[in-house]
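Residues per chain are reported as follows:
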Amino acid sequence: MRIHIIGGSGTGKTYLAKRLSAKFNIPHFDLDDLFWDNTSSQYGVKMPVEKRTNMLNDILRKRDWIIEGIYYDWLDESFKEADTIILLDIPKSVYQFRIIHRFFKRKIGVERSKKETFTSLVNLLKWTDKFQSRNLPQIYTK
């Protein structure tokens, strides 16, 4: 079983992927871990493209997988290999609440932190609004 889950920030991709992973005993991969260099001391450093591509290809060679993330431009092969593609599209008020809620959970240590700042939170909210209005129609087309 190969499942690709895509949607904007705060739409529930990770939640759904974890639930499906547990239910069907399939490995779950967060595309943020491929796109961003989480070993960097700074927030927002991108993984080198060649390394990211190699990591994705390693996942795609597996028999079963669940991949989730906002990305779509560099994932043509993932879409081709997927048995199921789930596109999450939810109301603005819901994803904004979830993004803010997640930020504070990370700040108090309840959830894994990605070194966000208040500025990065505001930027993510703005970016997600643009993603929903500009990128989501392109994803539907793809």
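To be clear, the structure that these remarks concern was listed above.
The following refers to the structure shown. Note that the coordinates shown come from a computational prediction; the quantities given were computed from them, not determined experimentally. (Residues numbered from 1 in each chain as written. Predicted model: local features only at pLDDT ≥ 70, side-chain atom pairs only at ≥ 80, totals over all residues. Heavy atoms only, no water.)

## Quick look at the sheet that holds strand S4 (residues 84-88)
Note: strands within a sheet are paired through backbone hydrogen bonds, in either parallel or antiparallel orientation. The line we're drawing: Note on pairing: two strands pair once DSSP finds at least 2 bridges between them. Secondary structure elements are taken from DSSP: a helix is a run of H or I of four residues or more, a strand is a run of E of two residues or more, and numbering for both begins at the N terminus. Lines are fitted to the C-alpha atoms to define the axes, a helix being fitted only along its stretch in contact, and any angle between axes, read from their N-to-C directions, falls within 0 to 180 degrees.
Taken together, four strands build an open sheet; the order of strands is S2-S3-S1-S4 and the sheet is parallel. Strands at the two margins of the open sheet, each flanked by one partner only, are strand S2 (28-30) and S4. Ignoring which end each strand starts from, the neighbouring axes of this sheet average 15° apart. For strand S1 (residues 2-7) and S4, the ladder comprises five bridges, and the chain directions are parallel.

## Points about the nonpolar core
Our working definition: Buried Ala, Val, Leu, Ile, Met, Phe, Trp, Tyr and Cys residues that are joined via side-chain atoms within 4.5 Å together make up what is termed a nonpolar core. Partly exposed describes any residue whose relative accessible area lies between the buried limit of under 20% and the exposed limit of over 50%, with all areas from a 1.4 Å probe on protein chains only and scaled to the type maximum. Any two residues having at least one pair of non-hydrogen atoms within 4.5 Å are treated as being in contact.
Formed by 20 residues in total, the largest nonpolar core has its most connected members in Leu31, Leu56, Trp65, Ile67, Tyr71, Trp74 and Leu75. At the level of elements, helix H2 (32-35), helix H3 (49-60), strand S3 (65-69) and helix H6 (118-141) are the ones that each hand at least two residues to this core. Among residues more than four places away in sequence, those in contact with Leu56 are Leu31, Leu34, Ile67, Trp74 and Leu75. In terms of nonpolar packing, the next biggest core, distinct from the first, is built from seven residues, Ile5, Ile26, Ile66 and Leu88 among them.

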